[in-house]
Structure formats: structure tokens, C-alpha cells
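Listed below, chain by chain, are the residues.
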Amino acid sequence: MSPDEKVAKVPGADQLIDALDPEQREVALAVTGPVCVLAGAGTGKTRAITHRIAYGVRTGRYAPTSVLAVTFTARAASEMRSRLRDLGVPGVQARTFHSAAMRQLGHFWPKVIGGRPWQVVEHKAQLVAAAARSLAMSVDRIAVRDLASQIEWAKVTLVRPDDFAAVVERQSREMPAGFSEQTVARLYSRYEELKTERAVMDFEDVLALTAQMIADHPDVAKTIRSQYKHFVVDEFQDVSPIQHTLLRQWLGNRQELCVVGDPSQTIYSFAGATPSYLMEFKREYPGATVVSLVRDYRSTTAIVGLANSVLERGRKLDPARVKPLKLISQVGRGPAVSFTTYDHDEAEAAGVAARARALISAGERPADIAVLYRTNAQAEALEQAFQEAGVGVVIRGGERFFQRKDVRDATMLLRANVHHAPDRSMPEVVRDILGDVGWSAQAPTAQGAARERWDAMQALVELADALAETRGADMGAYVQELQERAANQHAPTVDGVTLASLHAAKGLEWESVFLIGVSEGLIPISLAETDEAIAEERRLLYVGITRAKRNLELSYAKSRRAGGRGTRKSSRFLDGIWPAPDVSPLAKERRARTSALATGEDVDPQLFERLRQWRADLAKEMSKPAFVILGNISLVEIAQARPTTMAELARIRGIGPTKLEQFGESIVAIVVDHLRA
């Protein structure tokens with residue numbers, strides 16, 4: 001009998017791997033030695049690696065406290081710890097690179113450097129601006145942001161100020177407008193001097209100083225390496241040179257490393273990430289076990305087929321010549337992927353909002369729907385359109401959940417009542433407490449601040465229900481979970497449609513996804529000019545497609561504004577995939593249905609035109625986009641309902657108290673005058 005067969009008989013070990021598919025099981029059983037897991041989107045990579053850790057602990061191969069699992073976001077780290085607890089393996093350290101390094105640096109700083117650790121500055125902008133002023137450089141807010149990005153790229157790729165200009169020239173890297181590589185190099189050098197003068201450090205310093213501390217101090221290296229003997233690194237395709245350097249210092253000459261990644265999801269090259277460490281893992285560790293996960297448990301066959309096609313069509317154009325993993329859906333065919341062309345951006349936003357509202361009316365939870373876009377500038381029209389459609393949204397990348405005042409107040413109340421009513425269930429107690437800060441059993445019917453507050457409280461209620469069901473958690477465990485989530489910014493799910501950029505959507509999934517702006521100039525973005533940049537834009541589209549589980553709708557607008565020239569074309573990445581215009585009866589029917597949802601029936605066309613002209617004149621006078629005043633859906637409903645009083649107008653979607661006060665009298669006057677004519 002082999003050692004693995006003997007180990008498998010340890011009580012509880014079999015149960016950990018019985019539910020895994022063959023490839024996931026291979027990962028879980030490979031508990032020692034260098035392991036590389038090539039995991040496609042939706043293939044259960046987190047399940048595989050958490051079961052691997054749990055299996056290693058249960059079989060006695062390693063202690064939980066000797067494992068360091070490294071992720072790229074605090075949310076992912078929190079999720080991994082939660083899964084490991086559910087598998088009965090608490091004590092494993094799951095942290096981001098920065099969090100793990102900061103703990104080690106803070107612990108050893110007094111001994112190695114002396115004194116208190118320097119403060120970490122969260123943002124470079126203030127220091128970059130100060131460095132620019134000291135060099136008599138003229139910079140505005142946008143220039144400071146761009147220059148800070150260049151310094152950050154240099155630091156994560158281990159480029160020193162003295163070498164900056166030469167490396168930039170060799171790589172043909174573009175500098176911010178108006179600045180030469182020599183000027184940026186001087187700024188970079190001055191930035192480093194200012195940090196030392198002010199006794200502060202940035203996030204890249206945390207990684208670099210920790211790696212240097214381990215390399216220069218054998219006693220520090222011995223302490224850290226004796227504690228952490230087994231390493232797991234998620235999203236390994238996004239590792240940067242500075243992170244790889246730290247990882248090698250953690251390891252020393254050992255090979256107890258398991259990495260997980262997908263070269264086809266490399267979308268952060270602009271920030272210094274490189275898939276080369278993942279693709280060359282076998283060369284770095286010749287004896288490594290390599291396992292590919294291709295069974296997709298997230299998306300339907302239709303969605304997976306589109307994702308595979310997008311990557312395969314770009315394979316010959318990718319300078320890296322990466323062979324993409326070909327996913328195999330385990331879900332079933334599902335609805336066909338939808339392709340829609342709109343006349344202009346506002347029509348696209350209104351159409352998508354109407355489609356989302358239709359899904360919700362059909363029973364879909366808002367939290368199971370997302371609208372994804374290439375640039376954050378696209379979000380403004382969407383926010384307006386969803387407001388007019390009466391659908392709440394959650395903007396990913398906006399205000400953090402645990403930083404909201406209503407959430408902070410609720411959390412304080414929950415902490416104060418941690419020992420409250422032991423004879424009652426934890427979810428009941430949570431509901432009673434949150435009832436004092438805006439929660440009720442029934443959601444408010446109107447949108448706005450009250451609904452947003454209720455949605456936040458409802459997310460806390462649903463988290464209580466989930467913890468009670470899965471862990472039997474009491475109030476103490478619930479409050480502890482909240483504290484941990486707040487520290488890691490791992491927000492519970494809020495029941496609103498998610499609006500997010502493609503980059504912010506990485507690692508997430510929804511039942512239904514609307515991917516907007518899929519046109520030349522946006523995907524790929526016009527700034528992407530090199531073959532490498534174009535290849536990354538293709539991968540970004542792939543990431544967006546693979547966020548969808550069942551419904552996926554891609555769209556673009558032919559022009560930016562109503563009445564504009566319709567010169568936009570669908571993305572080159574969809575050449576041969578995007579349906580030819582006006583040839584599919586099904587496509588015609590879908591467009592007609594979308595139009596009906598967006599515009600309704602019995603619209604007075606003359607009144608609608610008068611309202612549009614009034615809006616256009618006012619927008620010009622106020623120097624604002626027309627949709628900021630009122631969107632087309634609101635104009636259509638006004639032209640349908642023909643309100644002749646302020647009370648009647650207030651019932652129109654998109655006409656809240658502010659707009660009623662600003663524009664109400666003018667709109668009512670237009671309607672009354674039109675009806676008299």
C-alpha cells in the first residue's frame with residue numbers, strides 16, 4: 001500500500017475529496033512539493049486549493065499555522081479563511097502580499113531598524129505633488145495621478161530611479177503627456193528622498209523592505225521560515241517582480257509552493273503584473289506537478305463557447321503565444337448570448353436598465369445582475385438610467401460598505417449587544433437591533449437614501465441568517481465575523497444591480513451580466529496601441545464574458561449622443577461573432593421588445609419632441625449633458641401620462657423632490673400648453 005493510500009484512510013480525509021471532480025481531486029492530493037494549477041474561469045480553483053490545505057492538515061502533512069495562503073485582495077483572503085473554517089481547518093493564515101509583509105515588517109522593525117515603524121501612506125498623490133513642486137514642475141491633478149502610476153510601475157517592477165530612463169526607453173513605455181523619461185526619473189528620485197525625510201513609506205516599500213530584511217538578517221529569515229513552511233499563491237498570473245522577490249525570500253531554498261492562475265486572465269500588466277512566472281513555473285521548478293482545471297461550473301455552454309472563441313481567435317495575435325485553456329461547461333446550454341446595437345449611449349443605458357428591470361420583474365434578484373463597462377466614465381449614464389427605471393444599484397469601487405455611516409452605526413449597536421438575549425436565536429436578535437436603524441421586514445417601495453439604507457441593513461440580516469445556518473453562529477461569532485470583514489473590506493451582498501468596471505469585476509460572478517460599450521475605441525480602448533496591449537484588452541473582454549452564469553447580453557452604441565453620426569463599430573474581438581445587422585428575425589424581435597420596454601406605448605410624439613427640445617435648450621444653458629436633467633424614459637412617461645399638476649408629475653419615474661423643485665413648473669407648463677393647443 002502506497003503512503004498516499006495509507007494517508008487516505010485517516011478519518012475525515014476521504015470526505016474532503018469525495019465531492020471533488022478528478023482534476024480538483026488531483027490538486028487536493030498533491031499536498032507537498034511544487035504544484036502549479038492552471039485554472040480557467042469558473043472551474044472551482046478556490047474549492048480545490050482550500051480542500052488541498054484541509055486535506056494536508058487532516059492527514060498530518062502540515063499544521064494549519066504553518067500554511068500561508070496569499071491572495072491579491074482582502075476580500076479573497078477573507079473568503080478563503082471562511083471556507084477553511086467551514087472545512088474545519090481554522091488557523092491557516094490567508095492574507096494579501098501586503099498584509100502578510102506588513103505584519104512581518106512591523107514585528108521585526110524595532111529589532112532590525114529601530115524605533116517605531118514608519119507610517120504607510122495609502123496614496124502617492126500628495127508626495128508626488130510635493131516632489132514636483134520642489135523640482136519646479138507644473139502639474140495638475142491628472143498629471144499627478146499619471147506620474148504616481150509611473151512611479152508605482154517602476155517600484156513593482158524593481159526599476160530604480162537611476163535606471164528608470166534607460167528602462168523606459170528600452171521598453172518604449174509612454175510617459176504622461178508633457179514629461180520626458182528623464183524628468184519622471186528625477187521626480188521619482190525626489191519622491192524617494194521625500195519619503196525618507198518624512199519617515200513614511202508606500203505599499204511597495206513594505207514588500208521591498210520585508211524581502212530585504214529577510215535576505216540581510218539570517219535570524220529573521222530563520223524565524224519566518226520556521227513558522228511558514230507551506231505556501232499557496234492565488235491569481236499567480238498577476239504576480240509582479242517585487243512580489244515574486246518576496247515570495248522567494250519566504251521560501252528560501254524550499255519548494256513547498258502551490259500556485260494557481262490563468263494566463264488568459266492577466267489584465268493588470270499596466271501595473272507591473274506579469275504572467276511569465278506562471279507560464280515558466282515548470283522551468284523554475286522542474287519537478288513541479290501541473291494540473292489543469294477546465295470544467296466550468298459557473299457558465300452555460302453558450303457563454304463558455306463565446307469565451308473560448310474570443311480567446312482562440314486572438315491566439316495568433318498574442319505576442320506571448322499563450323495557449324488558452326479551453327473551458328468545458330458543466331451547466332448546460334442555457335439562453336443564447338444576446339447582441340444589441342443602440343443608436344447612442346443614452347439609449348444603450350436606458351435599454352439596459354429596462355432589460356434589468358424586466359429580469360427583476362421576472363423574479364431575478366437585483367444582486368444577481370451586473371452591468372460591466374471598460375471605463376468608469378460610462379457609469380454616469382447608467383446611474384441616471386437605473387434611477388429613472390426605479391432600480392437600485394451598487395457601484396463597485398464607490399463608497400466602501402463598512403465605511404458608510406449607517407453601517408458603522410449598526411455595527412456599533414450589534415457590538416454593544418453581543419451578549420444580548422441568550423435565549424433567542426442570533427438572527428432574531430440581529431433583526432431587533434437593526435430595526436432601530438432603518439431595517440424592517442418589508443423593503444421601502446421608493447428608491448433613494450431610505451432604500452439604500454434598508455438594502456445595507458438587509459445585507460447584515462442575510463449575513464446573520466447565512467452564518468446561523470452554515471456555522472450555527474451566535475452573536476459573539478456574528479460580531480467577530482463583522483469585525484473581520486470590516487478589517488478586510490469584505491462586504492456582504494447588497495441587493496442592488498452592480499455597476500462595475502471590467503477590472504473591478506475580476507473574481508466575481510452574477511447570474512445575468514450586461515457588457516456594454518463593446519465597440520472599437522472602448523474594447524479595445526483607443527489607448528491600446530501595441531500588440532501586447534491589444535492582447536490584454538482581449539483578455540479583459542474574456543474576463544467580462546466569464547463573469548456571467550446564465551444570461552449574457554453584449555451591446556454597444558453607434559454614436560455618443562442622440563442625433564450624432566453612427567460611426568462606431570462592434571469590437572474587432574467579435575469579428576465573425578457579432579450578428580450581421582437586420583438579418584436575424586430573432587434579433588429584430590429582441591430589439592423591438594427592448595425598445596418597447598424603454599419607450600412604452602401611447603406616447604404623444606409632439607409632446608415628447610417639445611420636452612426633448614426644452615431639455616436640449618436647458619442642457620446647453622446649464623452646460624450639462626441632457627441626460628443629467630432628465631433621461632429619455634422620464635420624457636417618454638411624461639409624454640404618456642401628460643401630467644398637468646405637480647402631484648401628477650411627482651409620480652413619474654426619475655422625478656424626485658430635487659428635480660420636481662428644479663424643473664417641475666416648467667414641465668407642467670409645457671404639458672398644459674401642449675394640451676391647450
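Since the model is a prediction, treat every value here as computed from it, not as a measurement. (Residues numbered from 1 in each chain as written. Predicted model: local features only at pLDDT ≥ 70, side-chain atom pairs only at ≥ 80, totals over all residues. Heavy atoms only, no water.)

On to the UniProt feature "binding site: ATP" (unreviewed entry) in the protein chain, then. Under the present numbering, the feature "binding site: ATP" (unreviewed entry) in UniProt falls on Ala39, Gly40, Ala41, Gly42, Thr43, Gly44, Lys45 and Thr46. Summarising the element assignment, glycine 42 is placed in the loop between strand S1 (35-39) and helix H4 (45-58). Overall, the relative accessible area of 15% leaves glycine 42 in the buried class. Tracing the chain through its elements places glycine 44 in the loop between S1 and H4. Beyond its immediate chain neighbours, meaning those up to four positions away, glycine 44 contacts Gln24 and Leu293. (UniProt positions renumbered as here; feature names shortened; annotations may be inferred. Helix = DSSP H or I, 4+ residues; strand = E, 2+ residues; numbered from the N terminus. Buried < 20%, exposed > 50% of the residue type's maximum accessible area, 1.4 Å probe, protein only. Contact = heavy atoms within 4.5 Å.)

Each neighbour pair has its own omega, and for isoleucine 523 with proline 524 the value is 0°, a cis peptide bond. Here proline 524 shows up in the loop between strand S15 (510-515) and helix H23 (531-545). One non-glycine residue, serine 172, lies in positive phi territory at about 55°. Here serine 172 shows up in the loop between helix H9 (161-171) and helix H10 (181-198). Taking relative accessible area as the criterion, serine 172 reaches 62% and is therefore assigned exposed.

Right, let's talk about the sheet that holds strand S11 (residues 338-344) for a bit. Spatially, six strands are ordered S11-S16-S15-S12-S14-S13 in an open sheet, and the strand pairing comes out parallel. Among the strands making up the open sheet, the edge pair consists of S11 and strand S13 (393-395). The mean angle between the axes of side-by-side strands here comes to 25°, regardless of whether they run parallel or antiparallel. Across four bridges, strand S12 (residues 369-373) lies against S15 in parallel orientation. Opposite alanine 370, over in S15, you have valine 513 as the bridge partner. Running over the sheet, H23 touches S12, S15 and strand S16 (548-559) and is turned about 140° from S15. (Pairing = 2+ DSSP bridges. Axes fitted to C-alpha atoms, helices over the stretch in contact; angles between N-to-C directions.)

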